[in-house]
Amino acid sequence: ESLINGIYHEKQRLALCAVHALNNLFQRHVFSSSALDDIAYGLTPQATFSFNPHKSVWGIGNYDVNVVEKALDTVGCSLKWL
């Protein structure tokens, strides 16, 4: 994470696009990969730890939009589908 001309920016790593996009949106560190993992597991509680349809099986992120939508909900924001 860094400040570029006063703008908070997290550099992309692995497939954690959702983590970085959310934190960049809020201009501070709000979400971690473990927080989004917890959300993904909460969306599909019957999923095993090796497979969850809302995230990568390799544990590198690649969260789907359902995780992003729920993450926004946890901080009182919402997603508008167009």
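Preceding this section is the structure that the text describes.
Here is what the cut-offs are and how they apply
Residues numbered from 1 in each chain as written. Predicted model: local features only at pLDDT ≥ 70, side-chain atom pairs only at ≥ 80, totals over all residues. Heavy atoms only, no water. Helix = DSSP H or I, 4+ residues; strand = E, 2+ residues; numbered from the N terminus. Rg over C-alpha atoms; globule rule 2.2 N^0.38 Å. Buried < 20%, exposed > 50% of the residue type's maximum accessible area, 1.4 Å probe, protein only. Contact = heavy atoms within 4.5 Å. Areas by Shrake-Rupley, 256 points an atom, 1.4 Å probe, with all protein chains shown as cover. Lys, Arg positive; Asp, Glu negative; His and termini not counted. Charge placed at Lys NZ, Arg CZ, Asp CG, Glu CD. Phe/Tyr/Trp six-rings, centres within 6.5 Å; stacked < 30°, edge-to-face > 60°.

## Considering the overall build of the protein chain
- The helix and strand inventory of the protein chain stands at three helices and two strands.
- Each helix and strand of the protein chain, placed in order from N terminus to C terminus, yields the pattern β-β-α-α-α.
- Relative to a compact globule of 82 residues, whose C-alpha radius of gyration would be 12 Å, the protein chain shows 13 Å and is just as compact.
- Each principal axis of the C-alpha distribution contributes one length, and for the protein chain these read about 45 × 25 × 20 Å.
- Per-residue burial for the protein chain yields a buried fraction of 30% across its 82 residues.
- Here the contacts in the protein chain between residues at least 6 apart in sequence split such that 33% fall between residues at least 24 apart.
- Summed over its atoms, the accessible surface of the protein chain is roughly 5500 Å², and 59% of this surface lies on carbon and sulfur atoms.
- Charged side chains in the protein chain number 6 positive and 7 negative. The centres of these two groups are separated by 4 Å.

## As for unusual backbone geometry
- A positive phi angle, close to 60°, is found at Q27, a residue other than glycine.
- A relative accessible area of 36% places Q27 in the partly exposed class.
- Look at N62: it is not a glycine, yet its phi comes out positive at around 55°.
- Tracing the sequence through the fold places N62 in the loop between α2 (33–43) and α3 (65–74).
- Since its relative accessible area comes to 54%, N62 is described here as exposed.

## With respect to the environment of P45
- Structurally, the position occupied by P45 is in the loop between α2 and α3.
- Through-space distance from the C-alpha of P45 to that of G76 is 23 Å; in sequence the pair is 31 residues apart.

## Some words on the packing of aromatic side chains
- Scanning the model with the defined rule gives one aromatic pair in all.
- For the pair F26 and F31, a centre-to-centre distance of 6.5 Å together with 55° between the ring planes defines the contact as tilted.
- According to the relative accessible area criterion, F26 is partly exposed, its value standing at 23%.
- Of the residues examined, F31 reaches a relative accessible area of 4% and is grouped as buried.

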